[in-house]
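Given next are the chains, with one letter for each unit.
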Amino acid sequence: MNYTDVASQGKATDVQVYPCSDSVCKFSAGENVTVHITFTPKIYVRGLIVKVEAQVQTFSPRRINLANSDACMYSGLTCPLASEQSVTYHTEFTIPSYLSQLTAEVFWHLISTEDRTVVCIQTEVKVV
């Protein structure tokens, strides 16, 4: 999978999405997806919130609601996170049914409780 790390307060070192074996991930609406993001925060992080958005063409990004947006409680992370120490965020979610038959840029944000973007992964996704 191709991705761009657009964060300012951390660095993603590995991103894995299952099931995805192409440079552009292809999913079906209703399909379960697993995401692993290994990253190193540049700052001390007390808490971490997840925000996912999908942008189709030039339209405004649309928020994708996750059942568990607290990355410290539901993703294998133990907060607070020390700066300059590598950690891995894990989650599973279902592709929403309203995202069918489209290609979108997906932005996966991990935002500190102080409202600082620690990690933001941008990737293209096709929902077939």
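Just above, that's the structure.
This write-up is about the structure you can find in this document.

Thresholds applied
Residues numbered from 1 in each chain as written. Predicted model: local features only at pLDDT ≥ 70, side-chain atom pairs only at ≥ 80, totals over all residues. Heavy atoms only, no water. Disulfide = S-S within 2.5 Å. Buried < 20%, exposed > 50% of the residue type's maximum accessible area, 1.4 Å probe, protein only. Core = buried A, V, L, I, M, F, W, Y, C linked by side-chain atoms within 4.5 Å. Helix = DSSP H or I, 4+ residues; strand = E, 2+ residues; numbered from the N terminus. Contact = heavy atoms within 4.5 Å.

Topic: the state of the cysteines
Here's step 1: Throughout the structure, instances matching the rule amount to two disulfides.
Here's step 2: Sulfur-sulfur distance for the disulfide between Cys-20 and Cys-25 comes to 2.1 Å. In this structure, the disulfide formed by Cys-20 and Cys-25 twists by about -90 degrees around the S-S bond and is classed as left-handed.
Here's step 3: Its relative accessible area of 19% is what places Cys-20 among the buried residues.
Here's step 4: Cys-25 sits in the buried class, given a relative accessible area of 1%.
Here's step 5: Between the sulfur atoms of Cys-72 and its disulfide mate Cys-79 the distance is 1.8 Å. Every disulfide takes its handedness from the sign of the S-S torsion; for Cys-72 and Cys-79 that torsion is -65 degrees, giving left-handed.
Here's step 6: Assessed through its relative accessible area of 18%, Cys-72 is described here as buried.
Here's step 7: Among the cysteines of the protein that take part in disulfides, numbered as they appear in the sequence, the pairing is 1-2, 3-4.
Here's step 8: With no disulfide of its own, Cys-120 lies 16 Å from the sulfur of Cys-25, the closest cysteine sulfur.
Here's step 9: The buried category is assigned to Cys-120, whose relative accessible area is 4%.

Considerations on the nonpolar core
A general trend in soluble globular proteins is that nonpolar side chains are found buried together.
Here's step 1: Core analysis: the largest hydrophobic core is formed by 37 residues, its most contacted members being Ile-37, Phe-39, Leu-48, Tyr-89 and Trp-108.
Here's step 2: Mapped by element, the contributors of at least two residues to this core are strand 2 (10-18), strand 3 (25-27), strand 4 (32-41), strand 5 (48-55), helix 1 (71-74), strand 7 (87-94), strand 8 (102-112) and strand 9 (117-127).
Here's step 3: When near neighbours in sequence (up to four residues on either side) are disregarded, Tyr-89 contacts Val-35, His-36, Ile-37, Phe-39, Val-50, Ala-71, Ser-75, Leu-77, Trp-108 and Leu-110.

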